[in-house]
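Take a look at the letters that make up each chain.
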Amino acid sequence: MTVQRRLALAWAFVVCLLVGYNAWLWLDQRIAPDTDILALLPLEKRDPVLEQSFTHMVDSAQQRVVALVGASEWSTAGQAADAYRAVLAPHAGLIAFDAMGDDTQAGWLASLQPHATLLVGAAQQRQLREEPARFWADAALARLYNAFSGPKLGAFRDDPFGLFAGWAQERAGETPVRPRDGRLFVAEEGGEGREYVLLTYTLKQSAFSLGAQDAVVPLLEQARAAARGAAPDAEVITAGVVLHAAAAGRQASREIHTIGVGSLVGIVLLTWLTFRSLRPIGLTLLAIGVGFLGALSVCWLLFGQIHLLTLVFGASLIGVAQDYGIYFLCHRLRADPGLDSPALLRRLLPGLGLTLLAAVIGYLGLALTPFPGLRHMAVFSALGLVFAWLTVVCWFPGLISSSTLKAGWLAQRYRGLVRNWPRLTRTPAAIALVLALAVVAAGGWSQLTTNDDIRSLQSSPPALIQDQIKLGKLLDAPSPVQYFLVRGDSGEQVLQREEALKRRLDPLIAQGHIAGYQALSNWVPSARAQAERLALVEDKLLRADGPLALLASEIDEDRQWVADSAAHLRAQARPMLVDDFMRTPAAEPWRHLWLGGIDDRGRTVHASIVALRGLQYASLPVLAIAADGLDGVQWVDKVGGISAVLGSYRATMGWVVLGAYAVVFAVLFPRYRGRTWRVLAPTAVASVLAVALLGFSGQHLQLFHVLALMLLLGVGVDYGIFMQEDTEGDDAPWLAVGLSAASTILSFGLLALSGTPALRAFGLTMLAGAALVWLLAPCFAITKEANHAPPH
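The sections below set out a description of the structure shown in this document. (Residues numbered from 1 in each chain as written. Predicted model: local features only at pLDDT ≥ 70, side-chain atom pairs only at ≥ 80, totals over all residues. Heavy atoms only, no water.)

**A word on a nonpolar patch on the surface**
Inference 1: Taken together, the side chains of Leu424, Val434, Phe665, Phe669 and Trp677 present a nonpolar region at the surface, about 410 Å² in accessible area.
Inference 2: Note that Phe665 resides in helix 24 (residues 638-672).
Inference 3: On the basis of relative accessibility, which here comes to 34%, the residue Phe665 falls in the partly exposed class. (Patch = residues over 30% accessible without salt bridge, like charges linked within 9 Å, V, L, I, M, F, W, Y side chains within 5 Å. Areas by Shrake-Rupley, 256 points an atom, 1.4 Å probe, with all protein chains shown as cover. Salt bridge = Lys/Arg side-chain N within 4 Å of Asp/Glu carboxyl O. Helix = DSSP H or I, 4+ residues; strand = E, 2+ residues; numbered from the N terminus. Buried < 20%, exposed > 50% of the residue type's maximum accessible area, 1.4 Å probe, protein only.)

**Points about helix 7 (residues 163-172)**
Working note: α-helix, 3.6 residues per turn, so residues spaced by three or four point in the same direction.
Inference 1: Of all 10 residues that make up helix 7, 7 are buried, and the element is covered over most of its length.
Inference 2: Three or more residues of helix 7 are buried, namely Leu163, Phe164, Ala165, Gly166, Trp167, Ala168 and Arg171.

**Some details on the pattern of salt bridges**
Inference 1: Enumeration according to the criterion identifies 18 salt bridges in this entry.
Inference 2: Taking the shortest distance from any N to any O, the salt bridge between Arg180 and Glu195 comes out at 3.3 Å. Placement of the pair is Arg180 in strand 3 (residues 178-180) and Glu195 in strand 5 (residues 195-203), with a sequence separation of 15 residues.
Inference 3: You can call Arg180 partly exposed: its relative accessible area is 27%.
Inference 4: The exposure class of Glu195 is buried, given its relative accessible area of 18%.
Inference 5: In this structure, Glu235 engages Arg194 in a salt bridge whose closest nitrogen and oxygen atoms are separated by 3.6 Å.

**Structural notes on the state of the cysteines**
Inference 1: The tally for this structure, following the rule as stated, stands at 0 disulfides.
Inference 2: Summary of cysteine pairing: Cys16 is not part of a disulfide, and the nearest cysteine sulfur, belonging to Cys394, is at 13 Å. (Disulfide = S-S within 2.5 Å.)

**Thoughts on the packing of aromatic side chains**
Inference 1: Enumeration according to the criterion identifies 16 aromatic pairs in this entry.
Inference 2: Ring centres of Trp167 and Trp523 lie 5.4 Å apart, and the angle between their planes is 85°; on these two criteria the pair is classed as edge-to-face. Within this pair, whereas Trp167 is found in helix 7, its partner Trp523 is found in the loop between strand 9 (516-518) and helix 19 (527-540), the two being separated by 356 residues in sequence.
Inference 3: Judged by relative accessible area, Trp523 falls into the buried class, the value being 3%. (Phe/Tyr/Trp six-rings, centres within 6.5 Å; stacked < 30°, edge-to-face > 60°.)

**Structural notes on the pairing of strand 5**
Inference 1: Extensive coverage of strand 5 is indicated by the burial of 8 of its 9 residues.
Inference 2: As judged from the 8 bridges shared by strand 1 (residues 64-71) and strand 5, these two strands associate in the antiparallel manner. Following the sheet pairing, Val69 is matched in strand 5 by Val197.
Inference 3: Both strand 2 (residues 95-97) and strand 5 contribute to a ladder of 3 bridges, which runs antiparallel. Across the sheet, the residue bridging to Ile95 is Leu203, located in strand 5.
Inference 4: Across 4 bridges, strand 4 (residues 183-187) lies against strand 5 in antiparallel orientation. (Pairing = 2+ DSSP bridges.)

**Concerning a negative patch on the surface**
Inference 1: Where like charges cluster on the molecular surface, the negative patch consists of Asp556, Glu557, Asp558 and Asp564.
Inference 2: Residue placement: Asp556 occurs in the loop between helix 20 (547-554) and helix 21 (559-571). (Lys, Arg positive; Asp, Glu negative; His and termini not counted. Charge placed at Lys NZ, Arg CZ, Asp CG, Glu CD.)

Right, here's the structure in full:
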């Protein structure tokens, strides 16, 4: 048994294992691609407290689905909302309704009764310090005889001066949502527009689960249709992470089919026109299929998951993995019929090995990025190339002979092009052309700008974004990506630092920079603040000759009534603790603001979040310095932070690309010596010109353009190697370059049509770069005579 046959059988055994493993993964439904776009964001080297704060904010929102059902009349909105709920009610195990109404409000008010005397609003604190006893006695009389004077806890004696009522109204001012007729109500600003019923739901499965998306999104569409059926003029606004994740999943699924199927059809057509045989087509598809299965299997073993965009990106691998098979097939087509295929492979193996090594270096450059998703793409692609390359080396020589292939229409007409293709020489015309290209490149680079804003990578459908914006305005919802992070050695210290921060933020509300803030210290004052409030109440309201005694004389009560009332109010001054508050119904909407104790490199740090309402983009610089000088308070702008990281890595990856050129040069030098620059020059020049084209077209340079240049190095060097391996002076390398480049352009051209901005930027750069390498590679090829000359 020959060595080649042993390799073929061994590889057949490996492929059988791959097929069996993939069948087990897919048939057993163990593979569930991740659709979380955050997986593509950088893992920043920051402290655990900061990272957990962001995760906490995101996790609190990603399982929620919020719907606003509105109409011009409240009763009509209620009918539409009831129809909406009726569709979802039978599916509570999948998406559960968060009931809240008048009873819920009464429950959380009652849970705060033991602490009512300590809950004093900011306005009431100022009045306590400034107003005389008569003011408070008159206020108590007004409450006694007024039918409505704000939230009440039981009898008049529970809150005679309306302190708790004022505090509760302040807390209600943190949201425009109000209970009404057993529902939650919100109206358009001004009170003259639509009236909306607020419905909130909690998903019982992860919002990024494909199964949950497939089940929930159609139900939400049915609920929307039912609401409009019940009230034709009803407006339904829905928002939730699951909707954006499902849209991304549908888009990625479409692109997998578009890019993958489009690439396959292009390769099949090109192969048929070149070889006039089905066997090369089948073998090329076989190599690609083995590469895909192998990459998927090993990635799943390494990471235990795979991102859906990795599969989309992997679909473009088809345009690269076929290079090795095409290189062998083109040489088999042009080689001496007396030379058997194993001998031909041995002659081509050095060049094939170098093309694989250069491509893997290019792909693994992506693994140097801080993006987990891109690392998966890099490993997936590098492994796919290795498996495809091994398939060519192990199987193609035994399955392809000289009699198998015949020159097709494309091969016959393509041959003459290489003879007339211009070469790089020292003639005046060539020098003038080089100078002209240099001027063009300089012009494009001079117009190039950068934009690293993460929001430019947003790919959700416009309708979803519009709904999200409108819902956010109606609910006056705080931003989950810009907030203040407060930390301290204890929960008490965190609350005190929150209160110091709020004193800084109050003037910004008056200036219109923000509409308000949400903080747990609004609900649970620090122990120091509680003591100060109790002392203020004692001094201003409960003293022997104070407002309480004055009130008693107005309503004909005796001293015993005064003593009993004072004792009752003191009994409602039980100290509040965060842990106790978190167990009450009132804490439910605010749990995401309290991080509690967090392990920070071996020590426990307590932390909380102060969220901002009505945040204006133009006010970000003001807010960034609002906490300057406050211990333990940090401004967090996740959008700005990630954008800054993207910019930093864009610059870093630019140097990595240059370093990769140096590494590839060192790898190729032992074989090509003085001709090594000719291998790399086409790719280098194409990269410079591709970036210049971005400048001319008004594209903003971003990280994903630079990542594409890294990959272009791996792909483009193949063409340079093919041309320099032309030791016989035939046109097989030129034909291989043409077929490979056409397939790569097709693959990445389709990737440029992606709805995902990151992939589109990547694809556009690769499209222009690959086309330019194809055009430039022959220019750096040397003549037959030079090939036979000793290397320089």
